[in-house]
Amino acid sequence: VQLVESGGGLVQPGGSLRLSCAASGFTFSSYAMSWYRQAPGKERELVAVITSDGGSTNYADSVKGRFTISRDNAKNTVYLQMNSLKPEDTAVYYCKTRIRRVDYWGQGTQVTVSS
């Protein structure tokens, strides 16, 4: 199992970024996918989750209405579209999946929201 995030960077408040997570080594279309984030000095927190077929999503209250999780099962990729970014969104963002009760994580991508 391999998860590789990309798309992070430096953005001004109010800006947008789209993160991608390319998956390999498992049947991507069979598993839910999640995005988490971890800010300096804070615990890792769940940001968004999407079911295996993309039919259902759920979000942390702090990002509802601003972030959108989606997936392309043909490309084995999950996305996180982040709009109206705030300084408090600054964190390392990770994608994760759980297969047979084992959690697999990507290496993370840094998102910094600052003027």
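Residues numbered from 1 in each chain as written. Predicted model: local features only at pLDDT ≥ 70, side-chain atom pairs only at ≥ 80, totals over all residues. Heavy atoms only, no water.

1. Description of the side chain of Thr-90
Within the fold, Thr-90 resides in the loop between strand E8 (77-82) and strand E9 (91-99). A polar contact of 2.9 Å, which involves the side chain of Thr-90, links it to the backbone oxygen of Pro-87. Separated by 2.9 Å, the side chain of Thr-90 and the backbone nitrogen of Val-113 make a polar contact. Those residues within four positions of Thr-90 in sequence are excluded, and the remaining contacts are Ala-39, Gln-110, Val-111, Thr-112 and Val-113. (Helix = DSSP H or I, 4+ residues; strand = E, 2+ residues; numbered from the N terminus. Polar contact = N/O pair within 3.5 Å; in protein donor to acceptor, adjacent residues only side chain to side chain. Contact = heavy atoms within 4.5 Å.)

2. Section: the state of the cysteines
Per the stated rule, a full pass over the model turns up 1 disulfide. In this model, Cys-21 is linked to Cys-95 through a disulfide, with the two sulfur atoms separated by 2.0 Å. Its torsion about the S-S bond being 50°, the disulfide of Cys-21 and Cys-95 is classed as right-handed. With Cys-21 in strand E3 (residues 17-24) and Cys-95 in strand E9, the pair connects residues that are 74 residues apart, well separated along the chain. (Disulfide = S-S within 2.5 Å.)

3. Topic: the sheet that holds E3
A sheet is described by the order of its strands in space; here 4 strands give the open sequence E1-E3-E8-E7, paired in antiparallel fashion. Among the strands making up the open sheet, the edge pair consists of strand E1 (2-6) and strand E7 (67-72). Taken pair by pair, the neighbouring strands of this sheet meet at an average axis angle of 15°, ignoring direction. With 6 bridges connecting them, E3 and E8 associate as antiparallel partners. Bridge pairing in E8 links Ser-20 to Tyr-79. (Pairing = 2+ DSSP bridges. Axes fitted to C-alpha atoms, helices over the stretch in contact; angles between N-to-C directions.)

4. Looking at the environment of Gln-110
Within the secondary structure, Gln-110 sits in strand E11 (residues 109-113). Residues Gln-110 and Ser-6, 104 residues apart in the sequence, show an inter-C-alpha distance of 8.9 Å. At a separation of 3.3 Å, a polar atom in the side chain of Gln-110 contacts the side chain of Thr-112.

5. As for the pairing of E9
E9 sits mainly inside the fold: 7 of its 9 residues count as buried. Note: strand E4 (residues 33-38) against E9, 5 bridges, orientation antiparallel. If you follow Gln-38 over to E9, its bridge partner there is Val-92. Two elements, E9 and strand E10 (residues 102-105), share 4 bridges in a ladder whose sense is antiparallel. By the bridge assignment, Ile-99 is partnered in E10 with Val-102. Hairpin geometry of E9 and E10 is characterised by an intervening segment of 2 residues between the two adjacent antiparallel strands and by a positive phi of about 50° at Arg-100. (Buried < 20%, exposed > 50% of the residue type's maximum accessible area, 1.4 Å probe, protein only.)

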